[in-house]
Amino acid sequence: MKKVFLSFLFALLSVATFAQGTWEADPMHSSINFNIKHMGISFVQGRFDKFDGRVVNSAANLDNADFNFAVSVRTINTGVEMRDKHLVSEEFFDAAKYPAIEFKSTSITKDKNNSYILKGKLSMKGVEKEISVPVTFGGITKNREGKEIMGIQAKFTVNRLDYGIKYDPSGAGIAKDVEVNVYFELIKQ
């Protein structure tokens, strides 16, 4: 009986310590994408090619995890060089003055199944606002090299006018709301 109890205790401690720690975004298996309505009839899609992401957790899930992400504004990529240059100009993101978009979490609560509500401060173009983001926890496994990896994804909407991106403030040509889709595979450090 003592052996069974010790085996159970060891297994419980192993599960409790599995997946705890600091996780860094794997840029080869992660992306930050967006789309915005154009002229009320179609969409322009794009992404940011360079970003950093870190999650620190103390459980084998996202309970009480801490999130920090930063995006390099200059790496915006819509597939049209002329548009991308305009987007980093003063009329849009003003990348010379504000080179990064940052998110820092303030809390996370479990919603249902593998879903969470992540709250935090999104900073863009000198403006910081509290946002809530639904996050899906994909789980934790090991990759081919035996390293632990974690998957998360989020989909949310940001009103660009709230962050000082005032080009076409009527929203007739370029919509006010931008849909953001984030897919992260993070590697345990």
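Cut-offs applied
Residue numbers here run from 1 along each chain, matching the order of that chain's written sequence. Local features are withheld for residues below a pLDDT of 70 in this predicted model, meaning they are given only at 70 or higher, and side-chain atom pairs are given and counted only at 80 or more; totals for whole chains, interfaces and linings count all residues. Computation of side-chain values covers all heavy atoms of the structure but excludes hydrogens and water. Each helix is a run of DSSP H or I of at least 4 residues and each strand a run of E of at least 2, with the numbering of both proceeding from the N terminus. Contacts are residue-level and defined by heavy atoms, with any inter-residue pair within 4.5 Å sufficient. A 1.4 Å probe and the Shrake-Rupley method give the accessible areas. Residues count as covered only by the protein chains that appear here. Any two strands with at least two DSSP-identified bridges between them are counted as paired. Summary of the burial criterion: residues with accessible area below 20% of their type's maximum are buried, those above 50% are exposed, and those between are partly exposed, where the area comes from a 1.4 Å probe applied to protein chains only. What makes a nonpolar core is a set of buried Ala, Val, Leu, Ile, Met, Phe, Trp, Tyr and Cys residues whose side-chain atoms join them at distances within 4.5 Å. In the sections that follow, a salt bridge refers to a side-chain nitrogen of Lys or Arg positioned within 4 Å of a carboxyl oxygen of Asp or Glu.

Q: What is the right way to look at the overall build of the protein chain in this model?
A: Scanning the protein chain from terminus to terminus reveals two helices and eleven strands. Considering only intrachain contacts with a sequence separation of at least 6, the fraction spanning at least 24 residues in the protein chain is 54%. Summed over its atoms, the accessible surface of the protein chain is roughly 11300 Å², and 55% of this surface lies on carbon and sulfur atoms.

Q: Sorry if this is basic, but what is going on with the pairing of strand 8 (residues 115-124) here?
A: Where strand 7 (residues 100-110) meets strand 8, eight bridges bridge the pair, whose relative direction is antiparallel. Each bridged residue has a counterpart across the sheet, and for Ser 105 the counterpart in strand 8 is Gly 120. As paired strands, strand 8 and strand 9 (residues 127-142) are joined by ten bridges and run antiparallel to one another. Pairing of Leu 122 across the sheet is with Lys 129, part of strand 9.

Q: Any chance you could explain unusual backbone geometry here in plain terms?
A: Peptide bonds are trans in most cases, and residues, glycine excluded, mostly fall at negative phi. Of note, the phi angle at Asn 113 is positive, near 50°, even though the residue is not glycine. Mapping Asn 113 onto the fold places it in the loop between strand 7 and strand 8. Exposure remark for Asn 113: the relative accessible area of 68% places this residue in the exposed category. Phi angles above zero are rare outside glycine, and Lys 125 is one such case at about 55°. For Lys 125, the location among the structural elements is in the loop between strand 8 and strand 9.

Q: Looking at this structure, how should I read the nonpolar core?
A: Side chains that are nonpolar tend, in soluble globular proteins, to be buried together. Membership of the largest hydrophobic core comes to 45 residues, with the highest contact counts inside it found for Leu 62, Phe 67, Phe 93, Ile 152 and Phe 184. Examining the composition of this core, we find that seven residues originate from one element, strand 11 (residues 174-188), more than from any other.

Q: I tried to follow the pattern of salt bridges on my own but got confused; where do I start?
A: Side chains bearing opposite charge may pair, as long as their charged atoms lie close to each other. Tallying each qualifying case throughout the model produces five salt bridges. For the salt bridge of Asp 49 with Arg 47, the shortest nitrogen-to-oxygen distance reads 2.6 Å. Exposure remark for Asp 49: the relative accessible area of 39% places this residue in the partly exposed category. The partner of Lys 188 in a salt bridge is Glu 148, and the shortest N-O contact between them spans 3.4 Å. Placement of Lys 188 in strand 11 and of Glu 148 in strand 10 (residues 148-159) is noted, with a sequence separation of 40 residues between them.

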